[in-house]
Amino acid sequence: MLLMVSIAVCLSSMGLCRLCSLPWLWSLLAGLGLSMTLRGTWRFLYVALRTIKRDLHCLVVILRVKFALKRHLRSGCTIPALFAQTVALYPDKPALVCEATGEVWSFRDLAERCHAVAHWALAQGWTQGDVVALYLESRPELVALWLGLAMIGVEAALINHNLRKDPLLHCLEASRAQAVVFGTELSEAVSEVTDSLEPSVVLLSTGNQSDEDKMSSLSVQNLDPLLASSPTHPPAHKLKKGFNDRLFYIYTSGTTGMPKAAIVVHSRYYRIAAFGFHSFGLRCDDIMYNCLPLYHSAGNIMGVGQCLLFGLTVVVKRKFSARNFWQDCAKYNCTVIQYIGEICRYLLAQPIHTAEAHHQVRVAIGNGLRPVVWEEFVKRFRIRRVGEFYGATECNCSLINIDGKVGACGFNSCIFPGFYPIRLVRVQEETMELLRDTQGLCIPCLPGEPGVLVGHIDQNDPLRRFDGYADQESTNSKIAHNVFGSGDSAYISGDVLVMDELGYIYFRDRTGDTFRWRGENVSTTEVEAVLSSLLGQTGVAVYGVSVPGVEGKAGMAAITHAGGQFDCGTFLTATKKALPSYAWPVFIRLMTQIDTTGTFKIQKMRLQKEGYSPQHTSDPIYFLNSRAGRYEAVTEELHSGITEGRAFL
């Protein structure tokens, strides 16, 4: 009873007296009292008192987002409609700032550019459900393109601008796009795949057209003059899509094979952005520094979404620069920054600069901030609040660290465990198969026991939906049945996390054939295929290995090599042309034979355990010294330098 009264008092103190009067709340509290009676443990009371403020804060955020989602769902809102409301509130306020050129777009400017895109797309005869692939580096034009297309129901496929050749071709073909809009800076990459595209696919370029040599070999329309002559008033087009219909596609590596096109519906876009805004104390007058790529959900939804839906000004940086980071923040008076864990490490590695003492940043939002970096980062750069979160573009079990617990990526309430139905479940360590009890249900993990995160699926609840991928087979592979209860369905994250007794959850590892490096998910099977092709179909095993003090896992390639000289320089040159930088193997191991199973699946467990230490094998091992731009043989001395943080990754 004391705990129930405390909850009511806390809600009242938050100015939420209206919530206290709702019958469902008192039913929830009554159930809580019954739960305590049944448990009858002082331990539960201790945990509840330690976490009640955190849990109630998050409960209020969830309810606020949930009510907004239901309201928008009933009214048939879409992201373009919500953006129009923002424009009406802040027509002359800066919306997007292009750091590369210094150009500032007001909300009215952005709206007019979106309208021009919509009119142009209608003139092409495109209709609701058609797809246009967008392949360009981060800049405000990318936002105007996908949002303008969304105004008439056309769906954008946001292509990773680091992709080349086969992975790029796969993404373009998988999207079934009628057209490809690309930045002229990527014309060479486009020229490498044009012969393999369907003849009906229209190519359009945007950006600096001065490099005629690169463009001359392509049959391309210049999009910029077409948009410049297009009307800027709202198109007379009635959008037939609703809040749970498709907005665009974001590609994710998944657990195997080529990138998969994750479906982002309008309600999901709102949900991700709204949780960021309400959870981490953002304000409409904030200025956000966004150096994350706009083909990712972190940069385009968690970042740009704050502008489109809540009126923040967002500074768009084309590419992250550790040297200029704090200078940019000071120049544009930024109050919020976005990060991935490696960004924080890079910033700490920079020499002390006067700009880092003159910025106005108070909130940092992102994921992957390691505990050993967290406290030093906050202290050196005077960051008042870190908004760490966990999530994936397609997942329905995102987590938020709402109270700044160092090292945690989120939590699950011990008081209201069923309100946000997620769970860590036991898996078989080597196969990652879900373990089940005698009733056929998944087995929950105990505190301190690592397990795979799963989220209960309810397609009628925007918070619990799983919209999956453009490919139905890929969608089915992420769904498990009979997880929480008989007959239910749940999304399988594929990530291993661990929860402590207070409900704080900590990221542990990624399962399947992926690893995360430089803030990107790397598909090992994709890299294996590329490297094997480069080496004349030589056997290759790719896997991630841990490096002390570094976020994620560095890529390592075990290569079948019969003997003789292996030309590391030629290998590196070819790899750079075929793969994005985050997928280049940091380590190479030359082996006479790679172990496989009876069905010819590569056995990587032993290779991962042995890592890159020369003590564990007589095989030659090489390390990619990124500063020197070459592979170097791993000696005992170099191995010590890598593990002690003295080598440049």
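Residues numbered from 1 in each chain as written. Predicted model: local features only at pLDDT ≥ 70, side-chain atom pairs only at ≥ 80, totals over all residues. Heavy atoms only, no water.

Let's shift gears to the overall build of the protein. A count of helical and extended segments in the protein gives 21 helices and 28 strands. Taken over C-alpha atoms, the radius of gyration comes to 25 Å for the protein, in line with the 26 Å a tight globule of 649 residues would show. For the protein, the proportion of contacts with a sequence separation of at least 24, taken over those separated by at least 6, is 68%. Surface exposure of the protein reaches about 27700 Å², of which carbon and sulfur atoms provide 52%. In the protein, 62 side chains carry a positive charge and 60 a negative one; their mean positions are 8 Å apart. (Helix = DSSP H or I, 4+ residues; strand = E, 2+ residues; numbered from the N terminus. Rg over C-alpha atoms; globule rule 2.2 N^0.38 Å. Contact = heavy atoms within 4.5 Å. Areas by Shrake-Rupley, 256 points an atom, 1.4 Å probe, with all protein chains shown as cover. Lys, Arg positive; Asp, Glu negative; His and termini not counted. Charge placed at Lys NZ, Arg CZ, Asp CG, Glu CD.)

Another point: the nonpolar core. In this structure, Leu-134, Trp-146, Phe-248, Tyr-269, Tyr-270 and Leu-308 are the most contacted members of the largest nonpolar core, which totals 101 residues. Setting aside anything within four residues of it in sequence, one finds Phe-248 in contact with Trp-146, Ala-156, Leu-158, Ala-262, Ile-263, Val-264, Tyr-269 and Ile-301. (Core = buried A, V, L, I, M, F, W, Y, C linked by side-chain atoms within 4.5 Å. Buried < 20%, exposed > 50% of the residue type's maximum accessible area, 1.4 Å probe, protein only.)

Phi angles above zero are rare outside glycine, and Arg-382 is one such case at about 55 degrees. Locating Arg-382 in the fold gives a position in the loop between helix 16 (371–381) and strand 14 (385–390). Its identity as a non-glycine residue notwithstanding, Asn-482 has a phi of 55 degrees, on the positive side. Here Asn-482 falls in the partly exposed class, since its relative accessible area comes to 30%.

Quick look at the packing of aromatic side chains now. One pass over the full model with this rule turns up 20 aromatic pairs. Measuring from centroid to centroid gives 6.1 Å for Phe-320 and Phe-325, while their planes differ by 65 degrees, and the two rings are edge-to-face. When the centroid spacing of 5.3 Å and the interplanar angle of 65 degrees are considered together, the rings of Phe-377 and Phe-381 count as edge-to-face. Of the two residues, Phe-377 and Phe-381 are both situated in helix 16; the distance of four residues between them amounts to about one turn of the helix. (Phe/Tyr/Trp six-rings, centres within 6.5 Å; stacked < 30°, edge-to-face > 60°.)

With that settled, consider the pairing of strand 1 (residues 94–98). Of all five residues that make up strand 1, four are buried, and the element is covered over most of its length. Here strand 1 runs beside strand 2 (residues 104–106); their pairing, made up of three bridges, is antiparallel. Bridging across to strand 2, Pro-94 finds its partner in Ser-106. Between the end of strand 1 and the start of strand 2, which pair antiparallel, lie five residues, with Gly-102 showing a positive phi angle near 80 degrees. As defined by bridge partners, strand 1 adjoins strand 11 (residues 313–316) across three bridges and the pair is classed as parallel. (Pairing = 2+ DSSP bridges.)

Looking now at the pattern of salt bridges. Using the criterion set out here, one finds 23 salt bridges in the structure. Two residues, Arg-606 and Glu-610, come together in a salt bridge whose shortest N-O distance is 3.0 Å. Here Arg-606 and its partner Glu-610 are both found in helix 20 (residues 605–610), four residues apart, which amounts to about one turn of the helix. Assessed through its relative accessible area of 37%, Arg-606 is described here as partly exposed. (Salt bridge = Lys/Arg side-chain N within 4 Å of Asp/Glu carboxyl O.)

If you trace the seven strands from one edge of the open sheet to the other, you get 7-6-5-3-4-8-9, paired in mixed fashion. Taken across any chain shown, the strands that pair with only one partner, and hence form the sheet edges, are strand 7 (221–222) and strand 9 (260–265). Summarising the sheet, strand 4 (residues 155–158) and strand 8 (residues 246–252) pair through three bridges and their orientation is parallel. Note that in strand 8 the partner of Ala-157 across the bridge is Tyr-249.

Let us look at the sheet that holds strand 24 (residues 540–545). Spatially, the five strands line up as an open sheet ordered 24-25-26-27-28, and their pairing is mixed. Bordering the open sheet on either side are strand 24 and strand 28 (630–633), each of which pairs with just one other strand. Going from strand to strand, the sheet's axes swing by 25 degrees on average, the running direction of each strand aside. Bridge count between strand 26 (residues 587–591) and strand 27 (residues 621–625): three bridges; the pairing is antiparallel. (Axes fitted to C-alpha atoms, helices over the stretch in contact; angles between N-to-C directions.)

A few words now on the confidence of the model for the protein. A low pLDDT means the predicted coordinates there should not be read in detail. Put simply, the protein has an average pLDDT of 89, and 90% of its residues get 70 or more. The model gives residues 24–29 a pLDDT under 50, and that stretch makes 10 contacts with residues more than four places away or in other chains. Counting interchain partners and residues more than four positions distant, the pLDDT-below-50 stretch residues 33–39 has five contacts. (pLDDT = per-residue confidence, 0-100.)

Here we come to the packing of helix 5 (residues 79–89) against helix 12 (residues 266–279). For the pair helix 5 and helix 12, the least separation of the axes is 9 Å and the interaxial angle reads 45 degrees. By the angle between their directions, the pair helix 5 and helix 12 is classed as oblique. Residues Ile-79, Pro-80 and Leu-82 of helix 5 touch helix 12, and the partners they reach there are His-266, Tyr-269 and Tyr-270. Of the residues that constitute the contact of helix 5 with helix 12, the class distribution is five nonpolar, one polar and no charged. (Parallel < 35°, antiparallel > 145°, perpendicular 65-115°, else oblique. Nonpolar A, V, L, I, M, F, W, Y, C, P; charged D, E, K, R; others polar.)

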